[in-house]
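What follows is each chain in one-letter form.
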Amino acid sequence: MNNLSVDHLTGIKDLSKEDIDLIFKTADSFKEVINRPIKKVPSLRDITIANIFFENSTRTKLSFELAEKRLSADILNFSASGSSVKKGETLIDTVNNILSMKVDMVIMRHPNPGAALFLSQKVNAKIINAGDGTHEHPTQALLDAYSIREKLGVVQGKKVVIVGDILHSRVALSNIYCLQKLGAEVMVCGPTTLIPKDMHLLNVKISHNLREALEWCDVANMLRIQSERQEISYFPSLREYSMQFGLNKEILNSLSKEIVVMHPGPINRGVEITSDVADSKQSIILNQVENGVAIRMAVIYLLAAKIDR
Amino acid sequence: MEKQVILNSKHLELTLKRLSHELIESHNDFSDTVLVGLQPRGIYVVSQLKKQLEIILGKEIVCGNLDITFFRDDFRRREKPLIPSITNIDFSLENKKVVLVDDVLYTGRTIRAGLDALLTFGRPSKVELLVLIDRRFRRDLPIQADYIGKMVDSLISERVSVEWEEIEGEDKIVLYTKDSNE
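Residues numbered from 1 in each chain as written. Chains lettered and ligands numbered in written order. Predicted model: local features only at pLDDT ≥ 70, side-chain atom pairs only at ≥ 80, totals over all residues.

Q: Explanation requested: the sheet that holds strand E3 (residues 63–66) of chain B in the structure shown.
A: Sheet strands pair via backbone hydrogen bonds, and the direction of the pair is either parallel or antiparallel. All names here are of chain B. Pairing is parallel across the open sheet formed by five strands, whose spatial order is E3-E2-E4-E5-E6. Whereas interior strands pair on both sides, the edge strands pair on one side only; in this sheet they are E3 and strand E6 (147–151). Taken over all neighbouring pairs, the strand axes of this sheet differ in orientation by 25° on average, direction set aside. Here eight bridges tie strand E4 (residues 97–105) to strand E5 (residues 126–134), and the two strands are oriented parallel to one another. (Pairing = 2+ DSSP bridges. Helix = DSSP H or I, 4+ residues; strand = E, 2+ residues; numbered from the N terminus. Axes fitted to C-alpha atoms, helices over the stretch in contact; angles between N-to-C directions.)

This is the structure we're talking about:
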């Protein structure tokens, strides 16, 4: 088994455990590469990749761009603001125009769930989903699980709680799929209004009490409140949310064991996590960012191997 | 598949001893020389040389393993992606003399990739190449070794395999020839 079972990375749901293991093994090598004095390999020098972002992004976009550069690919950057999308061009037209410039792979972030899958069925290029609305964010889930494996040795059998705005989070859904495929137990924790009503169908535990969730887990992944996707109020105030579901040093120190703290970023300091926790030794937030480049290099490398010559 | 033993374990040991002495001739006490084995099979040659050199010189020899997968020139020309082995060079190559080590020198393409991969760890003052077997006359690139265990004249259809006790059960070098009726 040294080939991915998929031609595109639209979601973790389509991956097998063997796929994830292969991505991790390849990422191990790339992590070594990006710590060399010269952090670049020539593997993808004949490949062109377009980064198409219809939604804002800092980390993911920079991380993908760096991964592509470390692999020596040529890059096109496109963001929806300042483009012809504003003039009414459709997604397929936009992408096909970009592809006619001989692009081999498209990394896309889009506000609509399913946009990456749709594109993979319509255009002739490898597609990597960099977040499609509230659906999936596969590379984030891969780097989260990879970071847990790095910190704790294994993912199998570990207990992971995802805290916060589960309803609007693509990170949560991808993480649930990924962690379960690797044999971890998953719990989601947040206000009733921010937990989808069919959550139990995914075979995850549900809690509405942060302390109870933290006592149960080995790893806590703290999510941001996605105000930009909330058209109505889901809780009385940010201050109240923070008091009930915010992770602070006091709770962390009162737990019976030391847990690992993660956050996919961007952090709203003082809301879902306090500064002293985010910057503490238990936090692996910056390791997640470093691992993100290695994971994205691995995914791009393995999919690029499937591009016809 | 017919097979012919080119070097048995006794001869292989003699060859490794001879190569160790040749290395000492050029590198004296190895104070600024390192051995770098190419993955996946060159690393076994390095561990044998290290053993011999440490017996002769009575000091530790600095060695590393180098994987060249991402530097190969046949990415996407194969059915499956190439899955890398471990690179383990935890020292700087800046101004060092490097002896690149592999088991068989054939087309020269692996060594070309190895040179590129090596330079990502700094600028060595000199790079030399040591191989156990040189399949001469089959080169695709203008690359020659500085230290050679044994020259072998072989056909494309033949295969030379360097085998080690820890993997294959016996130290030996074998030439495999396809039977005419295969």
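More follows now that the structure is in view.
Q: Looking at this structure, how should I read the sheet that holds strand E9 (residues 260–262) of chain A?
A: Residues and elements named next belong to chain A. Ordered in space as E7-E6-E5-E8-E9, the five strands form an open sheet in which the pairing is parallel. Pairing within the sheet leaves two strands with one partner each, and these edge strands are strand E7 (205–207) and E9. Sheet twist, expressed as the mean angle between neighbouring strand axes with direction ignored, is 20°. Taken strand by strand, helix H5 (residues 138–152) contacts strand E8 (219–222) and E9, and its axis lies near 160° from that of E9. Strands strand E5 (159–163), strand E6 (185–189) and E8 of the sheet are contacted by helix H6 (residues 170–181), whose axis makes an angle of about 160° with E6. (Contact = placed C-beta atoms within 7 Å.)

Q: Honestly, the domain arrangement of chain A in this entry has me stumped. Any pointers?
A: Accessible area lost upon the coming together of the parts is a frequently used measure of interface size. All names here are of chain A. Structurally, chain A comprises domain 1 (12–137 + 292–304) and domain 2 (138–288). For domain 1 and domain 2, the distance between their C-alpha centroids amounts to 25 Å. Taken together, the contact pairs 22 residues of domain 1 with 22 residues of domain 2. Of the residues forming the side of domain 1 that touches domain 2, the biggest block, five residues, is contributed by helix H1 (residues 17–33). (Domains from an automatic or database assignment.)

Q: What is the right way to read the interface of chain A and chain B from this model?
A: Listed per partner, the contact involves 18 residues of chain A and 14 residues of chain B. For the side of chain A that touches chain B, the secondary-structure elements that each account for two or more residues are H1 and helix H11 (285–304) of chain A. Top contributing element to the side of chain A that touches chain B by residue count: H1(A), with five residues.

Q: Just checking my understanding: could you explain helix H2 (residues 42–57) of chain B for this structure?
A: Given 3.6 residues to a turn, an α-helix orients residues that are three or four positions apart in the same direction. All names here are of chain B. Helix length check: H2, at 16 residues, gives a terminal C-alpha distance of 22 Å against a target of 22 Å (1.5 Å per residue), a fit within 8%. Listing the buried residues of H2 in full gives Gly42, Ile43, Tyr44, Val45, Val46, Gln48, Leu49 and Leu53. Those residues of H2 that are buried lie in contact with helix H1 (9–27), strand E2 (33–38), E3, E4 and E5. Following H2 by one or two positions, Gly58 adopts a phi angle in the positive range, close to 65°. (Expected span 1.5 Å × (residues − 1). Buried ≥ 20, exposed ≤ 12 C-beta atoms within 10 Å, placed from the backbone.)

Q: Is there a simple way to think about unusual backbone geometry in this case?
A: Trans peptide bonds make up the majority, and among non-glycine residues the majority have a negative phi. Omega for the bond connecting Gly265(A) with Pro266(A) falls within 30 degrees of zero, at -10°, which places this linkage in the cis form. Along the chain, the position of Pro266(A) falls in the loop between E9 and helix H10 (275–278). The omega torsion across Gln39(B) and Pro40(B) is 0°, close enough to zero to call that bond cis. Mapped onto the fold, Pro40(B) is located in the loop between E2 and H2. Unlike most non-glycine residues, Asn28(B) shows phi in positive territory, near 50°. By the secondary structure assignment, Asn28(B) is in the loop between H1 and E2.

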